[in-house]
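Chain by chain, the residues run as shown.
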Protein chains: 2
Amino acid sequence: MSKWMIAAATLLLLGSSVAADDPLPSWNDKTAKHAIVDFVTAVSSAENSDYVPPAERIAVFDNDGTLWAEQPLYFQLIFALDRVKVLATEHPEWANTQPFKAALENDLSAVLAGGHHALLELIMATHAGMTVGEFRAIAGDWLRTAKHPTTGRLYTDMVYQPMLELLAYLRANDFKTYITSGGGIELLRVFAEDVYGIPPHQVIGSSIKTQYEYRDGDPVLVRLPELNFIDDKDGKPVAINQHIGRRPIAAFGNSDGDLQMLQWTCAGDGIRLCVYVHHTDQEREWAYDRESHIGKLDKGLDQAHEDGWTVVDMKKDWNVIFSPQSN
Amino acid sequence: MSKWMIAAATLLLLGSSVAADDPLPSWNDKTAKHAIVDFVTAVSSAENSDYVPPAERIAVFDNDGTLWAEQPLYFQLIFALDRVKVLATEHPEWANTQPFKAALENDLSAVLAGGHHALLELIMATHAGMTVGEFRAIAGDWLRTAKHPTTGRLYTDMVYQPMLELLAYLRANDFKTYITSGGGIELLRVFAEDVYGIPPHQVIGSSIKTQYEYRDGDPVLVRLPELNFIDDKDGKPVAINQHIGRRPIAAFGNSDGDLQMLQWTCAGDGIRLCVYVHHTDQEREWAYDRESHIGKLDKGLDQAHEDGWTVVDMKKDWNVIFSPQSN
């Protein structure tokens, strides 16, 4: 049984009063949880003045740092670095070419010193040049086997149990749950349905261009080494409109990259819920915000306080951080 | 009650044996109808070897010429020409600038003589420069009032009754129905939910770029005069993968612009349904195929015959063409 199914089953089990009273058992009984439950109750109750029809109950979630961890490095970047090592035999020139040389030598600071351009080179060299089907198989193999450098868990075991419960709770109340991630749309789709219960058509992410080719009667979509769309910052509301065509009524993020998505969501008419997950737990996870290179939360924290958005303090609000391990 | 609701109600009415036996009353009892019903029955029956789980029951539909008419000109182009007339007071220079001059003089052949470039100029001048919300309001006003030049019907009354029944029939069998149109995604979304029962997140179309702006705390998406994506020909499988992330099991089109979408759909594993609507009824609609400038169906017709796809002969297969008029 997958993670989200277990969370969903919790809601349905036995009609027990515990489950009925507490759809979010990993959330402590504090302000953030109350804000979420009050919102969901209000929009789902036909007699409530804040009632929202199911078709408009759309919730959007950032992924990195919101649904799963993002330290010490975005997991997709770790995937790219791992792929460089696999592909190096076909590319002897990489031994002397940056940023590949640094990647092969596990010299992360040298990779990052190359900036945006270096990262893009790594992504294109590892994410393009195959069909969509081939890429999914490669990414799936990696997700089934690769382990996080500090916890030793599978990356899909680095997802937040409270957020799995939240996804299940929202869907049990007829919400459609979407991912809107700066990460790559195809990598996300490989695990989002199994791990989060979010089907491929509800995954929005960054993408490279693809090209249709009709190979001897066998059509394929080939991934090209060319950026298509960066689903981050200003791009998130743009992508939400492009994919969904409706303004969400709830949005969940953890960094300044999610700020525009939260602005766009909470500026809509009627009751809205904007939530920032604040990484405050150095013991059980990581603690970072305004000064972090990954998942920087600075302007967003200010606007959350000004506009009264909900800020989840991971240390205080969550009694469990990660989902149980798969194996 | 909207058109698609009436079609859906037909399926549910009274549990009558007529509705139960005939979900597609506007379709004559011939090969095309049998192919559709046999396919839907096979994929929906758990005991059938061709059974497909509901999550994978995805059907994609072209719009122009497949769900509504496209003669004498794509309706969106008529919208653009109408908008040129409305906006002309703000653009005195258009009186002497092509293609606007031709548009203002109703000289369609002169407009078309300008080719792709002229059409793009008309689209950008009429579809960009406002927010997404403003554009939807403008397009909605036009759809509620503008009349088709030869039939005098509202454009939303130029939809095919047999296709409305088909959409309802598929959804009654747990299909997700998507539009994948060369037309603009935002114009489609203005009417697709009411007329076809297809919600905004299941509409895929061509698009211009949009830009997020935070205007004094009020975020808007502004439509830019710059192409984003042309959802036609090779673009259709690309857009289907981008939006849906799964290969459809059924595809419906009417022109060579839909050929790649049908190829992509029918090359998948397992049972598939690819259907071309062939415009053969000069009396009740229009008759055109291999030589037409609009909705040209040439290579597609060849491949349909070679690969055994279903070809709907509108004259012989449909006992009704258009949906009842709204008013």
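Scroll up a little and you will see the structure.
Read on for an overview of the structure. In this text, all values refer to a predicted model and were calculated from it rather than measured experimentally. (Residues numbered from 1 in each chain as written. Chains lettered and ligands numbered in written order. Predicted model: local features only at pLDDT ≥ 70, side-chain atom pairs only at ≥ 80, totals over all residues. Heavy atoms only, no water.)

## Comments concerning the side chain of A:Gln260
In plain terms, the rule: Only runs of H or I of at least four residues qualify as helices and only runs of E of at least two qualify as strands under DSSP, and these elements are numbered from the N terminus. A contact between two residues is defined here by any heavy atoms of the two lying within 4.5 Å.
One can find A:Gln260 in helix 12 (residues 259-266). With near-sequence residues (within four places) excluded, A:Gln260 lies in contact with A:Lys233, A:Asp234, A:Pro237 and B:Tyr212.

## Some words on the interface of chain B and chain A
Heads up, the rule is: Throughout this description, the term salt bridge denotes a Lys or Arg side-chain nitrogen within 4 Å of a carboxyl oxygen of Asp or Glu. Ten residues, namely Ala, Val, Leu, Ile, Met, Phe, Trp, Tyr, Cys and Pro, are considered nonpolar, four, namely Asp, Glu, Lys and Arg, are considered charged, and the remaining ones, Gly among them, are considered polar.
Each side of the interface is counted separately: chain B has 33 residues, and chain A has 34 residues. Remark: the boundary between chain B and chain A carries two salt bridges. With its nearest N and O atoms 2.6 Å apart, the salt bridge here joins B:Arg246 to A:Glu193. Its residues assigned to classes, the side of chain B that touches chain A comprises 14 nonpolar, 12 polar and seven charged.

## What to know about empty space enclosed by the protein
Residues and elements named next belong to chain A. As a reminder of what qualifies: Here the term cavity refers to a set of points on a 1 Å grid, laid over the protein atoms alone, in which a 1.4 Å probe fits but cannot get out; the term pocket refers to an open set having protein on both sides within 12 Å along at least five of seven lines, with lining residues being those that place an atom within 4 Å of a point. Grid points are joined across faces, edges and corners, and a volume is the space filled by probe spheres set on the points.
A complete count under the given rule lists three cavities of 30 Å³ or more for this structure. In terms of lining residues, the largest cavity is bounded by Asn63, Asp64, Trp68, Phe75, Gln76, Ser181, Gly183, Gly184, Leu187, Leu188 and Phe191. For the lining of the largest cavity, the secondary-structure elements that each account for two or more residues are helix 4 (75-87), strand 2 (176-184) and helix 10 (185-196).

## Quick notes on unusual backbone geometry
Let me state the cut-off plainly: Think of it in three bands: residues with accessible area under 20% of the maximum for their type are buried, residues over 50% are exposed, and the middle band is partly exposed, with areas taken using a 1.4 Å probe on protein chains only.
For the peptide bond that leads from A:Gln71 to A:Pro72, omega is 0°, which places it in the cis range. Position of A:Pro72 relative to the elements: it lies in the loop between strand 1 (58-61) and helix 4. Unusually for a residue other than glycine, B:Asp174 sits at a positive phi of about 65°. By the secondary structure assignment, B:Asp174 is in the loop between helix 9 (161-172) and strand 2 (176-184). Judged by relative accessible area, B:Asp174 falls into the partly exposed class, the value being 45%.

## Structural notes on the relation of the copies chain B and chain A
Rule in force here: Least squares is the method used to superpose the copies, on C-alpha atoms of residues holding a pLDDT of at least 70 in both.
Between chain B and chain A, which share one sequence, the superposing operator has a rotation angle of 180° and an axial displacement of 0.0 Å; the RMSD is 0.0 Å. This pairing of chains is accounted for by a two-fold axis. Taking C-alpha positions as the reference, the residue of chain B nearest the rotation axis is B:His243, at 3.2 Å. Comparing interface residues between copies, 100% of those in chain B also sit at the interface in chain A, which points to an isologous, same-surface contact.

## Points about helix 4 (residues 75-87) of chain B
All names here are of chain B. Worth spelling out the cut-off: Multiply 1.5 Å by the residue count of a helix minus one, and that product is the helix's expected span.
The first and last C-alpha atoms of helix 4 sit 18 Å apart over 13 residues, in line with the 18 Å expected at 1.5 Å per residue. Most of helix 4 is tucked away, with 10 of its 13 residues classed as buried. When helix 4 is considered as a whole, its buried residues turn out to be Phe75, Gln76, Leu77, Ile78, Phe79, Ala80, Leu81, Arg83, Val84 and Leu87. Those residues of helix 4 that are buried are in contact with helix 5 (100-104), helix 6 (108-113), helix 7 (115-127), helix 8 (132-145), strand 2 and helix 10 (185-196).

## Some points on the pattern of salt bridges
All names here are of chain A. Scanning all chains against the criterion turns up 26 salt bridges over all chains. The closest approach of N and O atoms between Glu105 and Lys101, which form a salt bridge, is 3.3 Å. You can call Glu105 partly exposed: its relative accessible area is 47%. Residues Asp281 and Arg284 are paired through a salt bridge, measuring 2.6 Å at the closest nitrogen-oxygen approach.

## Concerning helix 9 of chain B
Note: α-helices contain 3.6 residues per turn, so residues at a spacing of three or four share the same orientation. All names here are of chain B. Look at helix 9: 17 Å from first C-alpha to last across 12 residues, which is about the 16 Å you get at 1.5 Å a residue. A large share of helix 9 lies buried, amounting to 10 of its 12 residues. Within helix 9, burial applies to Gln161, Pro162, Met163, Leu164, Glu165, Leu166, Leu167, Ala168, Tyr169 and Leu170.

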